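# Close look at the chain arrangement
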Protein chains: 2
Amino acid sequence: MKKLIIASTSSIYGGTFLEYLLPTLSIFFKGTQQLLFIPYARPSGISYNDYTTKVQKAFAKIHIHVTGIHQFDDPKQAIATAEAIFTGGGNTFELVNQLYKNDLVEILKEKLNTGTPYLGTSAGSNICGVSMMNTNDMPIVYPPSFHTLGVLPFNINAHYLDPNPHSTHMGETRATRIKEFHVFHTIPVLGLREGSWIEVIGDEMILKGPLSARVFLPSKEPFEIESNSILEFFD
Amino acid sequence: MKKLIIASTSSIYGGTFLEYLLPTLSIFFKGTQQLLFIPYARPSGISYNDYTTKVQKAFAKIHIHVTGIHQFDDPKQAIATAEAIFTGGGNTFELVNQLYKNDLVEILKEKLNTGTPYLGTSAGSNICGVSMMNTNDMPIVYPPSFHTLGVLPFNINAHYLDPNPHSTHMGETRATRIKEFHVFHTIPVLGLREGSWIEVIGDEMILKGPLSARVFLPSKEPFEIESNSILEFFD
């Protein structure tokens, strides 16, 4: 009985940290008093403490107390006993690296598969896929594996950006990069635009937020799914 | 006695493949009759044969014959005996993966360090750095290591893009990603804009092309170096 919110981004343009999601989170985390925060992705290299403080401030608005996993002596035990979990964005390589280093991949997967409410944003959403192979992040550290939690039957491309028809830049577009991925793998990829999230309740996965999302399947033309659709093309 | 051209991109906007570099290459490769091409990076998943054909067409204009490394029974021997080498762009993860799989990293490094003329574009330039940790590419395969040739004493960020002050996108800018890299590493990073290249002759490294490049050092503000400058801040 999974219960997940998998968001493309923690902030949308012009908004503060988690602001656009707070109305949803106050319902999603109803009854939750303590949230375990995983700050390993360290956006811009922020310290675990500073990142946790930022998250504490946001969740204080909906009366949830936040503790950083680094504040526990035993991070594995912290996950095992967590009432609810949030993994924030930043660098997916470093996040995955720390999850492996601290031997947290299996226990986190088990917790998510058995109903612990979970929020992921950006890198924290990428790790819910089968692998982290569709991250946009820079490979600043070498993790022991690219395999991730696999609590979703597909991969996430967070902060999905449509190709800009007016661009003069010759670097690959996001769509081209995902096409290159499908030369080697058959795992579906969901391009999740900023402001979108997936709500997973049990086996039902629904796209939320104001925008459509883009689905990439191997050997097929990418297509759009509308907001509030059930994601059911990943069989 | 190194002899390298390390280019940000193979094509600039509005130009055909290698077009903007051909005048330079016709001088750089003067006297070269046979060029070994390494097509492992496979941009958009193009086949080795098709990629090699594209390169053959470009080099035919300056009367150089091109053979793809995949056309040899023994790729190691192909590098060992190569008169000149070109590694094309595409996905850096897959390029590095294939270099390790075929046990070519050491022999390629040795060839470049002992004067074999070498052209790299994009992914083929990234591998000349100490590590591939500043690539923009998607991690579509898991290479055995991120360590690369280290024939340059710094890392390359190819297709360097300045932050767009009008962007509403919340994904990290290139500069932020490189800053995150410097939380973990002290290796300098050169942001090489499209149309720029580095010419390495012996120990002298010169920035070429119409644009300046951006230098990122740990714990310092990034700064610009002008075209035709000698790169000498990497000590």
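Parameters and conventions
- Residues numbered from 1 in each chain as written.
- Chains lettered and ligands numbered in written order.
- Predicted model: local features only at pLDDT ≥ 70, side-chain atom pairs only at ≥ 80, totals over all residues.
- Heavy atoms only, no water.
- Pairing = 2+ DSSP bridges.
- Helix = DSSP H or I, 4+ residues; strand = E, 2+ residues; numbered from the N terminus.
- Axes fitted to C-alpha atoms, helices over the stretch in contact; angles between N-to-C directions.
- Least-squares fit on C-alpha atoms with pLDDT ≥ 70 in both.
- Contact = heavy atoms within 4.5 Å.
- Phe/Tyr/Trp six-rings, centres within 6.5 Å; stacked < 30°, edge-to-face > 60°.
- Buried < 20%, exposed > 50% of the residue type's maximum accessible area, 1.4 Å probe, protein only.
- Salt bridge = Lys/Arg side-chain N within 4 Å of Asp/Glu carboxyl O.

Looking now at the sheet that holds strand β1 (residues 3-7) of chain B. Residues and elements named next belong to chain B. If you trace the 7 strands from one edge of the open sheet to the other, you get β3-β2-β4-β5-β1-β8-β9, paired in mixed fashion. The sheet terminates laterally at β3 (65-68) and β9 (204-208), the two strands that pair on one side only. The average undirected angle you get between the axes of adjacent strands in this sheet is 20°. Summarising the sheet, β1 and strand β8 (residues 197-201) pair through 5 bridges and their orientation is antiparallel. Looking at β8, one finds that L4 is bridged to V200.

Let us now look at the relation of the copies chain B and chain A. For the pair chain B and chain A, the best superposition has an RMSD of 0.0 Å and corresponds to a rotation of 180° with a translation of 0.0 Å parallel to the axis. The transformation relating the two chain copies, once decomposed into turn and shift, fits a two-fold axis. Comparing contact sets, 100% of the residues at the interface of chain B also lie at the interface in chain A, consistent with an isologous, same-surface contact.

So, on to the packing of aromatic side chains. Residues and elements named next belong to chain A. Under the criterion given, the structure shown has 24 aromatic pairs over all chains. Taken together, a centroid distance of 5.9 Å and an interplanar angle of 50° make the contact between F59 and F86 tilted. On the criterion of sequence distance, the pair formed by F59 in helix α2 (residues 48-60) and F86 in strand β4 (residues 85-87) is long-range, its members being 27 residues apart. No difference in accessibility class separates F59 from F86, as the two residues are buried. Taken together, the ring pairs connect F28, F29, F37, Y51, F59 and F86 into an aromatic cluster.

Before going further, it helps to spend a moment on the pattern of salt bridges. Opposite charge on two side chains allows them to pair when their charged atoms are near. Residue and element names in this part refer to chain B. Tallied over the entire structure, the rule returns 11 salt bridges over all chains. Between E172 and R177 there is a salt bridge; the shortest N-O distance is 3.7 Å. No difference in accessibility class separates E172 from R177, as the two residues are buried. In this structure, R193 engages E224 in a salt bridge whose closest nitrogen and oxygen atoms are separated by 2.9 Å.

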